[in-house]
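Residue-level structure breakdown
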Amino acid sequence: LVIFSSESEYRTFTPRLARMLNGSAQPPQSGGYTINGIATSTWNPKYGTARPVYTHEFVHSLIEKTMRFPSGQGEWVHEGLANLYQAKLYPQDNLKKIVQEGIEDEEARLPLETLCNGWRIPMNRYWQAMTVMQMLIDDDKYSMRLKEALEAMRGNGTTDLSEILEPVFDVSWEEFTFDWLTFCSATFID
């Protein structure tokens, strides 16, 4: 995790690194960004070291380094795990409300087939990726096969769950969605 002392140093690092690697990149627009396994953010004395973004970006870096899933894609595994560990260290007061609204209203969530297709997900669905990852880790039905699933994704070069859902977890999308909704209700609804 690299913490820059100024906002301008943080914003210019990503394009400079990309040029050094014969590529191109835009300056990050968010408070943290991970590129080539290097988690970056900026120092702000108002927050000190207790910043959720530091945890979030560190998890992206760790995923890239240990699991070899490239960062910067914004797909469900990266964002799900980054948000899960961020929320464990820095609980979000309105998380239960967000999840409850999301499971009660189909318009407030993506179909899991879309969420878990290996492509970038919108920021307003990070909660959903987080709850899917939490289910995969906490629910015995899925946790005992999670390592196999991650290895299969790495071997396939994509986090598209549709390629491995039935072969690894032995469930259909309909069953997976039902299990996820049930998990969210039991975990997040009082």
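Notes on the structure in this doc start here. It should be emphasised that the depicted structure is a prediction, and the values quoted were computed from it without experimental measurement. (Residues numbered from 1 in each chain as written. Predicted model: local features only at pLDDT ≥ 70, side-chain atom pairs only at ≥ 80, totals over all residues. Heavy atoms only, no water.)

Section: the nonpolar core
Trp76, Val132, Leu136, Met153, Leu161, Phe169 and Phe176 are the most contacted members of the largest nonpolar core, which totals 42 residues. Secondary-structure elements contributing two or more residues to this core are helix 2 (52-67), helix 3 (76-89), helix 4 (95-104), helix 5 (112-115), helix 6 (126-138), helix 7 (140-156), helix 8 (165-169) and helix 9 (173-188). Sorting elements by how many residues they give to this core places helix 6 first, with eight residues. What Val132 contacts, discounting residues up to four positions off in sequence, is Trp76, Leu112, Leu115, Cys116, Phe176 and Trp180. Core analysis: the next-biggest nonpolar cluster, separate from the first, contains five residues, Tyr10, Phe13, Leu17 and Ile35 among them. (Core = buried A, V, L, I, M, F, W, Y, C linked by side-chain atoms within 4.5 Å. Buried < 20%, exposed > 50% of the residue type's maximum accessible area, 1.4 Å probe, protein only. Helix = DSSP H or I, 4+ residues; strand = E, 2+ residues; numbered from the N terminus. Contact = heavy atoms within 4.5 Å.)

Some points on the side chain of Gln128
Mapping Gln128 onto the fold places it in helix 6. In this view, Gln128 contacts Arg109, Leu110, Leu112, Leu115 and Trp180; residues no more than four positions away in its chain are not counted.

A look at a negative patch on the surface
Among the surface-exposed residues, Glu104, Asp105, Glu106 and Glu107 lie close enough to one another that they form a single negatively charged patch. The partly exposed category is assigned to Asp105, whose relative accessible area is 37%. (Patch = residues over 30% accessible without salt bridge, like charges linked within 9 Å, V, L, I, M, F, W, Y side chains within 5 Å. Areas by Shrake-Rupley, 256 points an atom, 1.4 Å probe, with all protein chains shown as cover. Salt bridge = Lys/Arg side-chain N within 4 Å of Asp/Glu carboxyl O. Lys, Arg positive; Asp, Glu negative; His and termini not counted. Charge placed at Lys NZ, Arg CZ, Asp CG, Glu CD.)

Considering the pattern of salt bridges
It is possible for side chains bearing opposite charge to pair when their charged atoms get close. All chains considered together, the criterion is met by three salt bridges. In this structure, the salt-bridge partner of Asp179 is Lys141, at a minimum N-O distance of 2.7 Å. Separated by 38 residues along the polypeptide, Asp179 in helix 9 and Lys141 in helix 7 bring together distant segments of the chain. Assessed through its relative accessible area of 15%, Asp179 is described here as buried. Of the residues examined, Lys141 reaches a relative accessible area of 38% and is grouped as partly exposed.

Focus on helix 7
Its 17 residues give helix 7 an end-to-end C-alpha distance of 24 Å, which sits within 8% of 24 Å, the value for a rise of 1.5 Å per residue. Of the positions making up helix 7, those classed as buried are Tyr142, Leu146, Ala149, Leu150 and Met153. Each element contacted by the buried residues of helix 7 is listed here: helix 2, helix 3, helix 6, helix 8 and helix 9. Capping the start of helix 7, Asp139 holds a side-chain oxygen 2.8 Å from the backbone nitrogen of Lys141, two or three residues further along. (Expected span 1.5 Å × (residues − 1). Polar contact = N/O pair within 3.5 Å; in protein donor to acceptor, adjacent residues only side chain to side chain.)

With respect to the pairing of strand 3 (residues 38-42)
In terms of residue burial, strand 3 counts as a mostly covered element, since four of its five residues are buried. One ladder, built from three bridges, connects strand 1 (residues 2-4) with strand 3; its direction is parallel. In the strand pairing of strand 3, Val2 is matched with Thr40. Relative to strand 3, strand 2 (residues 32-35) is paired through four bridges, and the arrangement is antiparallel. Its bridge partner lying in strand 3, Gly32 is registered against Ser41. (Pairing = 2+ DSSP bridges.)

Points about a nonpolar patch on the surface
A contiguous nonpolar patch, built from Leu1, Ile3, Trp43, Phe58 and Leu62 and spanning about 450 Å² of accessible area, is present on the exposed surface. Given a relative accessible area of 48%, Leu1 falls into the partly exposed group.

A short note on unusual backbone geometry
If you check the backbone angles, Asn22 has positive phi at about 60 degrees while not being a glycine. Structurally, Asn22 is set in the loop between helix 1 (7-20) and strand 2. The residue Arg68 is not glycine, and still its phi comes out positive at about 65 degrees. With respect to the element layout, Arg68 can be found in the loop between helix 2 and helix 3. Relative accessible area serves as the criterion here: at 60%, Arg68 is assigned to the exposed category.

What about the packing of helix 6 against helix 9?
The N-to-C vectors of helix 6 and helix 9 enclose an angle of 95 degrees; their axes lie 10 Å apart at closest approach. In terms of their interaxial angle, helix 6 and helix 9 are classed as roughly perpendicular. Contacts between helix 6 and helix 9 involve Trp127, Gln128, Met130, Thr131, Val132, Gln134, Met135, Leu136 and Asp138 on the former and, on the latter, Phe176, Asp179, Trp180, Phe183, Cys184, Thr187 and Phe188. Each residue belonging to the contact of helix 6 with helix 9 can be placed in one class, and the counts come to ten nonpolar, four polar and two charged. (Axes fitted to C-alpha atoms, helices over the stretch in contact; angles between N-to-C directions. Parallel < 35°, antiparallel > 145°, perpendicular 65-115°, else oblique. Nonpolar A, V, L, I, M, F, W, Y, C, P; charged D, E, K, R; others polar.)

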